[in-house]
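If you want the building blocks of each chain, they are given just below.
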Amino acid sequence: MTEIDSLIEPLVAFRRDIHANPELGFHEHRTAARIAEQLRELGLEVHEGIGRTGVVGVLRHGTSMRSIGLRADMDALPIHEQTNLPYASKTPGSFHGCGHDGHVAMLLGAAQHLARTRNFNGTINFFFQPAEEGLGGAREMVKEGLFERFPCDRVFGLHNWPDLPAGTIATRAGPIMGAADKFEIALTGRGSHAAIPQDSPDAILAAAALVQQLNTIIARRIAPTASAVLSVTQIHGGHTHNVIPERVTIAGTVRTFDPAVQDRIEASLRQIADGVARANELTATVDYTRYYPATINDAEAAQEALDAAATVGTAQVAPEPAFTSEDFAFMLQACKGAYIWLGQAKPEGSVPLHNPHYDFNDEVLGHGIGLHVALAERHLARG
Ligand SMILES: [Zn+2]
Ligand SMILES: [Zn+2]
């Protein structure tokens, strides 16, 4: 039995305790306190309340000025769990449906191993970030001077990946996760009787045209070689059969990897919304928010990650990025590093992330710990 294997059993219990007690973004008080307590027991320097509920543990050894950051996210999703597991969520409407409970356990396991063995020379910063799921916890930590207070030559983040088999670890140079934007367009006219259409610019009819037009942006205004998604996901308007509503709203999301493509889509969306509104005697107001940038891996860091992964499992260059997004992007804007996918599918198949039946696969705890440890020990090699 290796040193890491001996850590697994208590970590499975720890992971399941976090799973049973999930906390939503910026409310990870219990989770953060449990992490801080464990890091203190290991003798690390512990900083709490960074990015509201974030925790940083610092482990120094030797004299080298080299340093590395390893990151796990702590928050749960606002989903009602339907797994019927013995350790299922005790909080209705809150659920570790993205496996961040597993990420916390793996990073703690790495801290335990590295604090005991100290086979490195330099500084390891363990970043436990809040609110990855849409609220930008990493952005908050970076804004509060994360990398000024805890300088890192490199920062790495792992995410369990149900599309890859357990034992496979993948990453790539360049974009790995998409930029996520959201938009809401309000078309406003003058509500009136449905039997007197000549008195009422029709926001319903314009909304129908607008949805069609928005769906031409990717096909007609973006190069076929570029990658982008635009999805209209909501239409709200009207409340009864005989009134033409004053206002209809349309909302959706845009995903891209290239800021120039992102700019082109936003400009086109604004132009089309305005044009359709004018043509229908309406006004359009567009609320367009770029909430997560694309996650872009540094090429050298991605290669370091693949080299470390090969010592733990099957390392694979991911052939293409994913269109889902990740706020680790903010850390990569501030520090060179890479985001890495840790395969977690069982031979019988896997449940996707954010599905109410999802659960983190405890069998990959050892891979995740081993990968964190390999990244740290290789970057901070003695001598
Ligand atoms: Zn998620
Ligand atoms: Zn996640």
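The shown structure was predicted, so the numbers you read here are calculated from the model rather than taken from an experiment.

Draft legend 1. Main features of the coordination of the zinc ion (ligand 2). Protein coordination at the zinc ion (ligand 2) comes from Cys-98 (SG), His-100 (NE2) and His-159 (NE2), with a distance range of 2.0 to 2.3 Å. Motif for the zinc ion (ligand 2), donor spacing along one chain: C-x1-H-x58-H. The two metals, the zinc ion (ligand 2) and the zinc ion (ligand 1), are separated by 3.1 Å and share Cys-98 as a common coordinating residue. A residue pair is termed long-range when its members are at least 10 positions apart, and Cys-98 in the loop between strand S3 (67-73) and helix H3 (100-117) and His-159 in strand S5 (residues 154-165) qualify at 61 residues.

Draft legend 2. Structural view of the UniProt feature "binding site: Mn(2+)" (unreviewed entry) in the protein. Per the UniProt record, "binding site: Mn(2+)" (unreviewed entry) is found at Cys-98, His-100, Glu-133, His-159 and His-354. For the residues just named, distributed over 257 residues, the greatest C-alpha separation is only 13.1 Å, placing them together at one site. Sequence-distant contacts of Cys-98, defined by excluding residues within four places in its chain, comprise Leu-77, His-103, Glu-133, His-159, Asn-160, Leu-353, His-354 and Tyr-358. Among the residues examined, His-159 registers a relative accessible area of 3% and is labelled buried.

Draft legend 3. Region of interest: the pattern of salt bridges. Taken as a whole, this structure holds 18 salt bridges when the rule is applied. Here Glu-300 makes a salt bridge to Arg-154, at a shortest N to O gap of 3.3 Å. Pair noted here: Glu-300 is in helix H9 (residues 299-310) and Arg-154 is in strand S5, with a separation of 146 residues, a long-range link. Residue Asp-263 pairs with Arg-290 through a salt bridge whose shortest N-O separation is 2.8 Å. Placement of the pair is Asp-263 in helix H8 (residues 259-279) and Arg-290 in strand S13 (residues 283-292), with a sequence separation of 27 residues. You can call Asp-263 partly exposed: its relative accessible area is 41%. We classify Arg-290 as partly exposed; its relative accessible area is 36%. Ionic contacts of the salt-bridge type, sharing partners, join the residues Arg-15, Arg-16, Asp-101, Asp-359 and Asp-362 into one network.

Draft legend 4. Quick look at the sheet that holds strand S10 (residues 228-237). Overall, antiparallel pairing links the 4 strands, which are arranged S10-S12-S8-S13 in an open sheet. Whereas interior strands pair on both sides, the edge strands pair on one side only; in this sheet they are S10 and S13. Mean inter-strand twist for the sheet, computed between neighbouring axes without regard to direction, equals 15 degrees. Pairing of strand S8 (residues 179-188) with strand S12 (residues 247-256), which is carried by 10 bridges, proceeds in the antiparallel orientation. Bridge pairing links Lys-182 to Thr-253 in S12. Packing against the sheet, helix H6 (residues 203-214) makes contact with S8, S10 and S12, and its axis sits at approximately 10 degrees to S12. Running at roughly 160 degrees to S13, H8 makes contact with S8, S10, S12 and S13 of the sheet.

Draft legend 5. Examining the UniProt feature "domain: Peptidase M20 dimerisation" (unreviewed entry) in the protein more closely. The UniProt record annotates "domain: Peptidase M20 dimerisation" (unreviewed entry) at residues 183-277. Along residues 183-277, the helical share is 38% and the strand share 32%, with 16 Å between the first and last C-alpha atoms.

Draft legend 6. Spatial organisation of the coordination of the zinc ion (ligand 1). Surrounding the zinc ion (ligand 1) are the protein donor atoms Cys-98 (SG), Glu-133 (OE), Glu-133 (OE) and His-354 (NE2), which sit 2.0 to 2.8 Å from the metal. Around the zinc ion (ligand 1) sit 4 donor atoms, and with donor-metal-donor angles ranging over 52 to 151 degrees the site reads as irregular. You can call Cys-98 buried: its relative accessible area is 7%.

Draft legend 7. Layout of the packing of helix H1 (residues 5-20) against helix H11 (residues 365-379). In contact at an axis separation of 10 Å, H1 and H11 are set at 115 degrees when each is read in the N-to-C sense. The angle between H1 and H11 places the two elements in the roughly perpendicular class. In this structure, H1 crosses over H11, and the sense of that crossing is right-handed. Contacts between H1 and H11 pair Ile-8, Leu-11 and Val-12 from the former with Leu-365, Gly-366 and Ile-369 from the latter.

Draft legend 8. The arrangement of the sheet that holds S5 in detail. Read across the open sheet, the 8 strands follow the order S1-S2-S4-S3-S5-S16-S6-S15; overall the sheet is mixed. The sheet is open, and its two borders are formed by strand S1 (45-50) and strand S15 (314-317), each paired with just one other strand. Each neighbouring strand pair of the sheet contributes to a mean axis angle of 25 degrees, computed without reference to strand direction. Sheet strands touched by H11: S3, strand S4 (122-129), S5, strand S6 (168-171) and strand S16 (337-345). Its angle to S3, the strand with the most contacts, is close to 160 degrees.

Rules used in this analysis
- Residues numbered from 1 in each chain as written.
- Chains lettered and ligands numbered in written order.
- Predicted model: local features only at pLDDT ≥ 70, side-chain atom pairs only at ≥ 80, totals over all residues.
- Heavy atoms only, no water.
- Donors = N, O, S within 2.8 Å, 3.2 Å for Na, K, Ca; no water.
- Helix = DSSP H or I, 4+ residues; strand = E, 2+ residues; numbered from the N terminus.
- UniProt positions renumbered as here; feature names shortened; annotations may be inferred.
- Contact = heavy atoms within 4.5 Å.
- Buried < 20%, exposed > 50% of the residue type's maximum accessible area, 1.4 Å probe, protein only.
- Salt bridge = Lys/Arg side-chain N within 4 Å of Asp/Glu carboxyl O.
- Pairing = 2+ DSSP bridges.
- Axes fitted to C-alpha atoms, helices over the stretch in contact; angles between N-to-C directions.
- Tetrahedral: all angles 85-135°; square planar, octahedral: opposite > 155°, others 65-115°.
- Parallel < 35°, antiparallel > 145°, perpendicular 65-115°, else oblique.
- Left-handed = near helix turned anticlockwise from the far one by under 90°.

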